[in-house]
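# Architecture at a glance
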Amino acid sequence: MKVFETNNAALMLDGATVGVAIPALNLDTSSGPNVTMAAWISAAGVQSNYAGIIFHRPIGGTVASGLGVTPDTTTGGNELVYHWNNLYYGFEGHLQVPTNGAWTFVALAIQPTSATFYLNDGTGMQTAANVAAHAAVPFSSTTYVGWDDNYLSTGDTSSRRFAGLIDEPMIFNRTLSPDEINSLYVASLTAPLGIVRSRGDIILSWPEGILQQAGLVTGPYTNLTSVTSPYTNHPSATRQFFRVQMR
């Protein structure tokens, strides 16, 4: 599934040495944990154990918190995982991250009484919730994209580095609602649809994806698989609505 504009750049991670450091966030902890992490990821095969996507582990490792992925021994693939205040790394939400490099949207929403995974690989938004107490974490030291720095904290020599691509990593200092999280996913699927009048016709153009047509703005939409950009349309007496579906 292609989800980004053609000039979009992503972080390429080799699974061995590359990561990005984010300075201390110093989140407000007075009302408990209210944090959301999200990113688009493209996993290059089965990942290392507890590979970090967005991860915070201070020196000493006592309050490790973050979103990651680990091999699933049952399926032979990858499973979305998380740590919070050094807990819940054993929670199994059974949300599978594709190993074939397909772009996948993932998120983790934390609140005082629960943590919820979100994952959409193009087949629909999947969720899994861990209903349990979650302590406030200030994120008062370095946070990494693409790495759980377990080695610096504990001396563990396993890499815990993500191999593949990560794009648009996000950290919010509040718990986003399901609708807000879905909006983050949908925003990356938008393709510009150009419309130009030419005498009595309209010419539609789009950089990628499949042109769809409907008689109502709310749909249902039908794929116009036989047309390519630019497409000349002869308007009819009935209303016509067009949109582009990303691949």
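Presented here is a report on the structure given in the accompanying data block. Values in this document were obtained by computation on a predicted structure and should not be read as measured data.

### Topic: the environment of Asp72
Structurally, Asp72 is set in the loop between β5 (65-71) and β6 (78-83). The residues touching Asp72, leaving out its near neighbours within four places in the chain, are Gly77, Asn78, Glu79 and Gln96. Within the structure, the side chain of Asp72 is placed 3.2 Å from the backbone nitrogen of Thr75, a separation counted as a polar contact.

### Here we look at the nonpolar core
Ile53, Leu80, Phe117 and Phe162 are the most contacted members of the largest nonpolar core, which totals 30 residues. Going through the elements one at a time, β3 (35-43), β4 (51-56), β5, β6, β8 (104-111) and β9 (114-120) are the ones with two or more residues in this core. Once you skip the residues sitting within four places of it in the chain, Phe162 turns out to touch Leu13, Asp14, Gly15, Ile41, Ser42, Ala43, Gln47, Ala51, Gly52, Ile53, Val69 and Gly146.

### Focus: the side chain of Asn150
Structurally, Asn150 is set in helix α1 (residues 150-154). On the basis of relative accessibility, which here comes to 5%, the residue Asn150 falls in the buried class. Side-chain polar atoms of Asn150 contact the side chain of Arg57, separated by 3.1 Å.

### A short note on the side chain of Thr70
Summarising the element assignment, Thr70 is placed in strand β5. What makes Thr70 buried here is its relative accessible area of 8%. Apart from the residues within four sequence positions on either side, Thr70 is in contact with Ser48, Asn49, Tyr50, Gly77, Asn78, Glu79 and Val81.

### A short note on the sheet that holds strand β15 (residues 210-214)
Taking strand neighbours across the sheet as the criterion, the three strands line up as β16-β15-β18 in an open arrangement whose pairing is antiparallel. The open sheet has two free edges, formed respectively by β16 (222-223) and β18 (241-245), since each of these has just one partner strand.

### Description of the sheet that holds strand β2 (residues 20-22)
Read across the sheet, six strands follow the order β2-β11-β4-β5-β6-β7 without closing on themselves; strand pairing throughout is antiparallel. Single-partner strands in this sheet number two, and they are β2 and β7 (96-97). Inspection of the sheet shows β4 paired to β5 by five bridges, in the antiparallel sense. Of the residues in β5, the one forming a bridge with Ala51 is Val69.

### Some words on the packing of aromatic side chains
Inspection of the entire model under this criterion finds nine aromatic pairs. Summarising the aromatic geometry, the rings of Trp84 and Phe139 are spaced 5.8 Å apart at their centres and angled 45 degrees between planes, so their arrangement reads as tilted. Here Trp84 is found in the loop between β6 and β7, whereas its partner Phe139 is found in the loop between β10 (126-131) and β11 (143-145), with 55 residues between them in sequence. Given the relative accessible area of 1%, Trp84 is considered buried. By relative accessible area, which is 0% here, Phe139 ends up buried. We note Arg161 situated over the ring of Trp147; from NZ or CZ to the ring centre the distance is 3.9 Å.

### Examining the environment of Thr238
Tracing the chain through its elements places Thr238 in the loop between β17 (231-233) and β18. Remark: the alpha-carbon pair of Thr238 and Leu216, spanning 22 residues in sequence, is separated by 10.0 Å.

### Side note on unusual backbone geometry
A negative phi angle is the norm for most residues apart from glycine, just as the trans form is the norm for most peptide bonds. Cis geometry marks the peptide bond from Ser229 to Pro230, where omega comes out at -5 degrees. Among the secondary structure elements, Pro230 is positioned in the loop between β16 and β17. We note that Glu168 has phi near 50 degrees; this positive angle belongs to a residue other than glycine. Within the secondary structure layout, Glu168 lies in strand β12 (residues 163-172). Classification of Glu168 as partly exposed rests on a relative accessible area of 30%. A positive phi angle, close to 55 degrees, is found at Arg199, a residue other than glycine. With respect to the helices and strands, Arg199 occurs in the loop between β13 (194-198) and β14 (201-205). By relative accessible area, which is 85% here, Arg199 ends up exposed.

About the thresholds
- Residues numbered from 1 in each chain as written.
- Predicted model: local features only at pLDDT ≥ 70, side-chain atom pairs only at ≥ 80, totals over all residues.
- Heavy atoms only, no water.
- Helix = DSSP H or I, 4+ residues; strand = E, 2+ residues; numbered from the N terminus.
- Contact = heavy atoms within 4.5 Å.
- Polar contact = N/O pair within 3.5 Å; in protein donor to acceptor, adjacent residues only side chain to side chain.
- Core = buried A, V, L, I, M, F, W, Y, C linked by side-chain atoms within 4.5 Å.
- Buried < 20%, exposed > 50% of the residue type's maximum accessible area, 1.4 Å probe, protein only.
- Pairing = 2+ DSSP bridges.
- Phe/Tyr/Trp six-rings, centres within 6.5 Å; stacked < 30°, edge-to-face > 60°.
- Lys NZ or Arg CZ within 6 Å of the ring centre and 35° of its normal.

Geometry only, nothing functional implied.
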